[in-house]
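# Overview (structure and organization)
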Amino acid sequence: MTALQWHAAWQALIHHPLFGVGITLAAFQLAFAAYEKTRWVFLQPVLVSALMIIAILLLCGLAYEDYAGSSRLLTLMLGPATVALAVPLYLNMRRIRELFVPIVVTCWWPGRRLRRWVWAWPGCSVPTR
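Since this is a predicted model, take the numbers as computed values, not measurements.

## What to know about the packing of helix H2 (residues 19-38) against helix H3 (residues 45-60)
Close contact between H2 and H3 brings their axes to 8 Å; oriented N to C, the two are set at 135 degrees. Between H2 and H3, the angle falls in the class oblique. In the crossing of H2 with H3, the sense of the turn from one axis to the other is right-handed. Listed contacts from H3 to Phe 19, Ile 23, Thr 24, Ala 27, Phe 28, Leu 30, Ala 31, Phe 32 and Tyr 35 of H2 are Pro 45, Val 46, Val 48, Ser 49, Met 52, Ile 53, Ile 56, Leu 57 and Cys 60. Within the contact of H2 with H3, the residues separate by chemical class into 16 nonpolar, two polar and no charged.

So, in structure tokens, the structure goes:
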């Protein structure tokens, strides 16, 4: 195969409609396996898989909009899965109330720092409201 054919095949692969689904599921499975093997708190599967997806998008030169469009199927299935979490949350409401402040701080603080870190990347802009 010539270099032009390899480039065309690579472009066809990264622009396939299911490319986003594939890299999302693969990244999560790899991150989950790493976490299960080591049990290190810093290897949380969601965090590691998000970082892996960011790295893949940067290496492939894909825009986030292209990735979001190709992973729309997962986003669509996320809605019912989120609603299904309502029952366990309701059953554990007393425990959640007891730990309300640590939960809020844990969710708020990293998100605040992550936004500043992501916006520092070249090509990223601060969203306007």
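## Side note on the pattern of salt bridges
Pairing of side chains with opposite charge becomes possible as their charged atoms draw close. A complete count under the given rule lists three salt bridges for this structure. One salt bridge in this structure joins Glu 98 and Arg 94, with 3.8 Å as the shortest N-O distance. Of this pair, Glu 98 and Arg 94 both sit in helix H7 (residues 93-98), four residues apart, which is roughly one turn of the helix. According to the relative accessible area criterion, Arg 94 is exposed, its value standing at 65%. Notably, a salt bridge pairs Glu 98 with Arg 95, separated by 3.4 Å at the nearest N-O pair. With a gap of three residues between them, Glu 98 and Arg 95 both fall in helix H7, about one helical turn apart. Each of Arg 94, Arg 95 and Glu 98 takes part in a single network of salt bridges with overlapping partners.

Calculation rules
- Residues numbered from 1 in each chain as written.
- Predicted model: local features only at pLDDT ≥ 70, side-chain atom pairs only at ≥ 80, totals over all residues.
- Heavy atoms only, no water.
- Axes fitted to C-alpha atoms, helices over the stretch in contact; angles between N-to-C directions.
- Helix = DSSP H or I, 4+ residues; strand = E, 2+ residues; numbered from the N terminus.
- Parallel < 35°, antiparallel > 145°, perpendicular 65-115°, else oblique.
- Left-handed = near helix turned anticlockwise from the far one by under 90°.
- Contact = heavy atoms within 4.5 Å.
- Nonpolar A, V, L, I, M, F, W, Y, C, P; charged D, E, K, R; others polar.
- Salt bridge = Lys/Arg side-chain N within 4 Å of Asp/Glu carboxyl O.
- Buried < 20%, exposed > 50% of the residue type's maximum accessible area, 1.4 Å probe, protein only.

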